[in-house]
Amino acid sequence: MIDDLIQLATLTSLGLALMLPLANPLTSMTLLLSLGQHIPYQERRRQVTQAAFYVVGIMMVTYYAGAWIMHTFGISIPGLRIAGGLIVASIGFSMVLPSTGTSPSAADADAAGAQGGRQVPNIAFVPLAMPGTAGPGTIAMIISGATSVDAAARQGFAPWVLAATPVLVFALLGLLFWVCLRSAGRIVAVIGQGGVEAISRVMGFLLVCMAVQFVINGVLEIIQQYGVA
């Protein structure tokens, strides 16, 4: 039993080490600072909790059914990367070049929240959960890890350890995501509205760069798979 617990701790640590650089909660925290600045406080807290469940749910579905879903709809990893890149680019451009004529003020957002939140945008799923944290790179890594379970079993890992590790890794990532986003309000209090707007522009530019890199990686993978040697 002790050996199994050591295996569980080892695999969990390895999973977190592999996933954290891809599923970077700080990216979603910056998105929250940029896109959620006009969302009422209580509604923002609710969406943060909702987004944390979305992150865990997306990762669980991807691990257990991701390969089957992509095969069923004929989606390839390069296609996933390019589609994700286009979504990220759209979000990035909206942050770099915001529409000043249509963006609501804080007072308008508070009034909307008081009227039942009909006009308050919900950013929990897109872009906080996807592609902010559970993006194309994260999904590709999870699908790749799911296909290596049989190899890990042949190396002597207990079946229950292999079954519990992904659940534990995804739960810890969701908890870390939730903690980071719940701390975003304190950052706003320190840097002020001007700082949030500056971060929004910089993060938007970085998102556009990330999107271009997603597309480049997808195109390169297509060339490697179908190109002439």
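This is a predicted model, so every value here is computed, not measured.

Student: I'd like a rundown of unusual backbone geometry, residues and numbers included.
Tutor: That bond from V126 to P127 is cis: its omega, 10 degrees, falls within 30 degrees of zero. Its location among the elements puts P127 in helix α6 (residues 124-133).

Student: Lay out the side chain of S28 with the relevant residues and their values.
Tutor: Take S28: it is sitting in helix α2 (residues 25-35). Judged by relative accessible area, which is 0%, S28 ranks as buried. Once you skip the residues sitting within four places of it in the chain, S28 turns out to touch L128, G132, T133, F177 and L181.

Student: Pulling in residues and values, what's your account of the confidence of the model for the protein chain?
Tutor: Atomic detail in the predicted coordinates should be set aside for any region of low pLDDT. On average, residues of the protein chain score 81 in pLDDT, and 87% of them reach the 70 mark or higher. Across residues 101-117 the pLDDT falls below 50, and counting only partners more than four positions away or on other chains, this stretch makes 13 contacts in the model.

Student: I'd like a description of the packing of helix α4 (residues 77-96) against helix α7 (residues 136-146), backed by residues and values.
Tutor: As a packed pair, α4 and α7 sit with axes 9 Å apart at the nearest point and diverge in direction by 160 degrees. Considered as vectors, α4 and α7 are oriented roughly antiparallel to each other. Here the hand of the crossing between α4 and α7 comes out right-handed. Mapping the contact onto sequence places I77, L80, R81 and G84 in α4 and P136, G137, I139, A140 and I143 in α7. Partitioning the contact of α4 with α7 into residue classes produces six nonpolar, two polar and one charged.

Student: Tell me about the UniProt feature "transmembrane region" (unreviewed entry) in the protein chain, and name the residues and values.
Tutor: UniProt annotation of "transmembrane region" (unreviewed entry) refers to residues 52-70, 82-100, 157-181 and 202-223 when read in the numbering used here. Within residues 52-70, the helical portion is 100% and the strand portion 0%, while the C-alpha atoms at the span's ends are 24 Å from each other. End-to-end, the C-alpha atoms of residues 157-181 are 35 Å apart, and along that stretch the chain is 92% helix and 0% strand.

Student: Can you tell me about the pattern of salt bridges, naming the residues and giving the values?
Tutor: What the rule picks out here adds up to one salt bridge. The shortest N-O distance in the salt bridge between R46 and E43 comes to 2.8 Å. Separated by three residues within a single helix, R46 and E43 lie in helix α3 (residues 41-72), roughly one turn from each other. Accessibility expressed as a relative area gives 41% for R46, which makes it partly exposed. Judged by relative accessible area, which is 21%, E43 ranks as partly exposed.

Student: Go over the packing of aromatic side chains with me, naming the residues and quoting the values.
Tutor: Per the counting criterion, the structure on display carries three aromatic pairs. Their ring planes at 85 degrees and their centres at 5.3 Å tell us that Y54 and F125 sit as a pair that is edge-to-face. A residue pair is termed long-range when its members are at least 10 positions apart, and Y54 in helix α3 and F125 in helix α6 qualify at 71 residues. Here Y54 falls in the partly exposed class, since its relative accessible area comes to 31%. With a relative accessible area of 35%, F125 lands in the partly exposed category. Aromatic pair Y63 and Y64: ring centres 4.9 Å apart, planes at 85 degrees, arrangement edge-to-face. Within the aromatic cluster, the residues linked to one another by ring pairs are Y63, Y64 and F170.

Cut-offs used in this document
Residues numbered from 1 in each chain as written. Predicted model: local features only at pLDDT ≥ 70, side-chain atom pairs only at ≥ 80, totals over all residues. Heavy atoms only, no water. Helix = DSSP H or I, 4+ residues; strand = E, 2+ residues; numbered from the N terminus. Buried < 20%, exposed > 50% of the residue type's maximum accessible area, 1.4 Å probe, protein only. Contact = heavy atoms within 4.5 Å. pLDDT = per-residue confidence, 0-100. Axes fitted to C-alpha atoms, helices over the stretch in contact; angles between N-to-C directions. Parallel < 35°, antiparallel > 145°, perpendicular 65-115°, else oblique. Left-handed = near helix turned anticlockwise from the far one by under 90°. Nonpolar A, V, L, I, M, F, W, Y, C, P; charged D, E, K, R; others polar. UniProt positions renumbered as here; feature names shortened; annotations may be inferred. Salt bridge = Lys/Arg side-chain N within 4 Å of Asp/Glu carboxyl O. Phe/Tyr/Trp six-rings, centres within 6.5 Å; stacked < 30°, edge-to-face > 60°.

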